[in-house]
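Structural overview
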Amino acid sequence: MTDVTDGVLHTLFHSDQGGHEQVVLCQDRASGLKAVIAIHSTALGPALGGTRFYPYATEEEAVADALNLARGMSYKNAMAGLDHGGGKAVIIGDPDRVKSEELLLAYGRFVASLGGRYVTACDVGTYVADMDVVARECRWTTGRSPENGGAGDSSVLTAYGVFQGMRASAETLWGEPTLRGRTVGVAGVGKVGHILVEHLVEDGADVVITDVREDSVLRITQKYPQVTAVADTETLIRHEGLDVYAPCALGGALDDDTVPVLTAKVVCGAANNQLAHPGVEKDLADRGILYAPDYVVNAGGVIQVADELHGFDFDRCKAKASKIFDTTLAIFARAKEDGIPPAAAADRIAEQRMAEARTAR
């Protein structure tokens, strides 16, 4: 356990990936809860970000994920124009085995103890029904069901925002904001990915998919027989004629192994933290691959849950999520003007907004 603590302290105090305001380790032995809540920044307002429930191999891996995801939320919320900072929580364990009402209530009490500095929502492994339970102990909970005063599943607008980012990528590279006639590969067709596929099919794209869950693949291919399924992500990224690659599962999809063999000319997907390490964005640019920064294009969901705090209106949220198209275009233009990759351009814009907020305090 000493190694884990040392690693956390190094990341927080000595790493460019650190700078977090607060990290809370949560444990409730009665329910089996083990969780990490990371607050990266409250410069723009209360930290907002989802709760990931995942069977991490080690506690160190769980803490590292919470830190990375929380930092990403600061940038995402800034680029989405929200008055929220960035935070994230992870619950350690297999949700299919250990998730319980008692555990979720215990987690809600920990979030409530932060007094509104962190607002939680759904993420991988957590759902609207789970947030309804958490909300019984914590009023700083979004992503609840409409029956309990919430906006429901945020995957709808997450997928919509990614589609807008993809349209902006298409306009930048091919001169038209459409995927019609283009081949798009979607890795991960779960909560967000399957809705993205619907947008792509309606737009006239040729879609290729893969997922580790066979039932998720079948849900798509039975509804859309024209969609092609391949065995795994390794096969998908090498697919001949692929125009766009959409990573929609877990992070780290773009690394030293995948980038050199990627056949697509655009990467635009819903997964968080797609770049496995600093420098990958330059590798993509050097290969002539246009990268739409993940935290920009997947912000539709956080736009939705943030709106829930003020009385949810779907049309208002969809209008805000539509602006992801313009934001993505602006990032590509800034990247070209400054001679830097789009990921760096997005970071500069987000950091400027956060810095201005801190100065104004």
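Not measured: the values here are computed from a predicted model. (Residues numbered from 1 in each chain as written. Predicted model: local features only at pLDDT ≥ 70, side-chain atom pairs only at ≥ 80, totals over all residues. Heavy atoms only, no water.)

**What about the packing of aromatic side chains?**
The test is simple: Between the rings of Phe, Tyr and Trp (Trp by its six-membered ring), a pair exists once the centres lie within 6.5 Å; its type follows the angle of the planes, with under 30 degrees stacked, over 60 edge-to-face, and the other angles tilted. Only runs of H or I of at least four residues qualify as helices and only runs of E of at least two qualify as strands under DSSP, and these elements are numbered from the N terminus. Only protein chains enter the calculation, and the probe is 1.4 Å; a residue is then buried if its accessible area is under 20% of its type maximum, exposed if over 50%, and partly exposed in between. Placement of a positive charge over a ring is assigned whenever Lys NZ or Arg CZ falls within 6 Å of the ring centre and within 35 degrees of the normal to the ring plane.
For the structure shown, the criterion picks out three aromatic pairs. With 5.7 Å between their ring centres and 65° between their planes, Tyr75 and Tyr295 make a pair best called edge-to-face. Of the two residues, Tyr75 is situated in helix 2 (residues 59-79) and Tyr295 in helix 11 (residues 294-297); the sequence distance between them amounts to 220 residues. The exposure class of Tyr75 is buried, given its relative accessible area of 7%. In this structure Tyr295 comes out as buried when scored by relative accessible area, which is 10%. The cationic tip of Arg182 hangs over the ring face of Trp174; the distance from NZ or CZ to the ring centre is 4.1 Å. Here Lys191 stacks its cationic end above the ring of Tyr127, 4.6 Å away from the centre of that ring.

**So, the nonpolar core**
Note the threshold: To form a nonpolar core, buried Ala, Val, Leu, Ile, Met, Phe, Trp, Tyr and Cys residues must be joined to one another through side-chain atoms within 4.5 Å. Residue contacts are defined here by distance: any two heavy atoms, one from each residue, within 4.5 Å place the two residues in contact.
Grouped together as the largest cluster of nonpolar side chains are 43 residues, with contacts concentrated most on Met166, Val186, Val197 and Leu200. Those elements giving two or more residues to this core turn out to be helix 6 (155-174), strand 7 (183-187), helix 7 (193-203), strand 8 (206-210), helix 8 (214-223), strand 10 (244-247), helix 12 (300-308) and helix 14 (324-338). Excluding anything up to four places from it in sequence, Val197 contacts Val186, Val189, Val207, Ile209, Ile220, Tyr224 and Val227. With 23 residues, the next largest nonpolar core counts Leu33, Tyr107, Cys122 and Val133 among its residues.

**Topic: unusual backbone geometry**
Backbone geometry at Asn273 places phi at a positive 50°, although glycine is not the residue there. Here Asn273 lies in the loop between strand 11 (266-267) and helix 10 (280-286). You can call Asn273 partly exposed: its relative accessible area is 26%.

**Topic: the side chain of Asn298**
Applicable threshold: We call two N or O atoms a polar contact when they sit within 3.5 Å, provided that within protein one can donate a hydrogen and the other can accept it, with sequence-adjacent residues counted only if both atoms are side-chain atoms.
Tracing the backbone shows Asn298 in the loop between helix 11 and helix 12. Here the side chain of Asn298 touches Lys76 through a polar contact of 2.9 Å, side chain to side chain. Sequence-distant contacts of Asn298, defined by excluding residues within four places in its chain, comprise Lys76, Thr158, Val162, Ala270, Ala271 and Asn272.

**Considerations on the sheet that holds strand 7**
What counts here: In this analysis, strands are considered paired if DSSP registers two or more bridges between them.
As summarised here, the arrangement of the six strands in space is 9-8-7-10-11-12, forming an open sheet in which the pairing is parallel. Lying at the two open borders of the sheet, with one neighbouring strand each, are strand 9 (228-229) and strand 12 (290-291). Here strand 7 runs beside strand 10; their pairing, made up of four bridges, is parallel. Opposite Gly185, over in strand 10, you have Tyr245 as the bridge partner.

**Some points on the packing of helix 14 against helix 15 (residues 342-360)**
Any two packed helices are characterised by how steeply their axes cross, that is the angle between the axes, and by the distance between the axes. The test is simple: Lines fitted to C-alpha atoms define the axes here, with helix axes fitted over just the stretch in contact, and angles between the N-to-C directions of these axes take values from 0 to 180 degrees. The scheme is simple: roughly parallel for angles under 35 degrees, roughly antiparallel for over 145, roughly perpendicular for 65 to 115, oblique for anything else. Residue polarity is assigned by list, with Asp, Glu, Lys and Arg as charged and Ala, Val, Leu, Ile, Met, Phe, Trp, Tyr, Cys and Pro as nonpolar; anything else, Gly included, falls into the polar class.
Look at helix 14 against helix 15: their axes get within 8 Å of each other, and the N-to-C directions meet at 105°. Of the possible angle classes, the one that applies to helix 14 and helix 15 is roughly perpendicular. Contacts from Ile331, Phe332, Arg334, Ala335 and Asp338 in helix 14 reach Pro342, Ala345, Ala346, Arg348 and Ile349 in helix 15. In the contact of helix 14 with helix 15, the residues fall into seven nonpolar, no polar and three charged.

**Considering the pattern of salt bridges**
As a reminder, the rule being used: Basic side-chain nitrogens of Lys or Arg form a salt bridge, by our definition, when they fall within 4 Å of a carboxyl oxygen of Asp or Glu.
On inspection of all chains with the given rule, the structure shows 17 salt bridges. Between Glu198 and Lys223 there is a salt bridge whose closest N-O contact spans 3.1 Å. In this pair, Glu198 sits in helix 7 while Lys223 sits in helix 8, placing the two residues 25 residues apart along the sequence. A relative accessible area of 21% places Glu198 in the partly exposed class. We note a salt bridge from Arg213 to Asp215, for which the minimum N-O separation is 3.4 Å.

**Here's the deal with helix 14**
What counts is decided by this rule: Helices are assigned an expected span. That span is 1.5 Å times one less than the residue count. Arc definition: it is the arc formed by the directions from the helix axis to the C-beta atoms.
Across its 15 residues, helix 14 extends 21 Å between first and last C-alpha, which sits within 8% of the 21 Å expected from 1.5 Å per residue. Among all positions in helix 14, only Ile324, Phe325, Thr328, Ile331, Phe332 and Ala335 are buried. End-on view of helix 14: buried residues confined to an arc of 125°, all on one side of the axis.

**Examining the environment of Gly125**
Within the element layout of this structure, Gly125 appears in the loop between strand 6 (118-119) and helix 5 (128-135). Along the chain, Gly125 and Phe53 lie 72 residues apart, while their C-alpha atoms are 4.6 Å from each other. The contact partners of Gly125, leaving out residues within four places of it in the chain, are Phe53, Pro95, Lys99 and Asp130.

**Regarding the pairing of strand 7**
Note the threshold: Whether a crossover is right-handed depends on one test, that the path from the first strand over the helix to the second runs clockwise when the strands point away from the viewer.
The element strand 7 is largely enclosed, with a buried count of five among its five residues. Here strand 7 shows two buried faces, one formed by Thr183, Gly185 and Ala187 and the other by Val184 and Val186. The pairing of strand 7 with strand 8 spans five bridges and is classified as parallel. Each residue of the ladder has a partner; that of Thr183, found in strand 8, is Asp206. Taken together, strand 7, helix 7 and strand 8 constitute a β-α-β crossover, and its handedness is right-handed.

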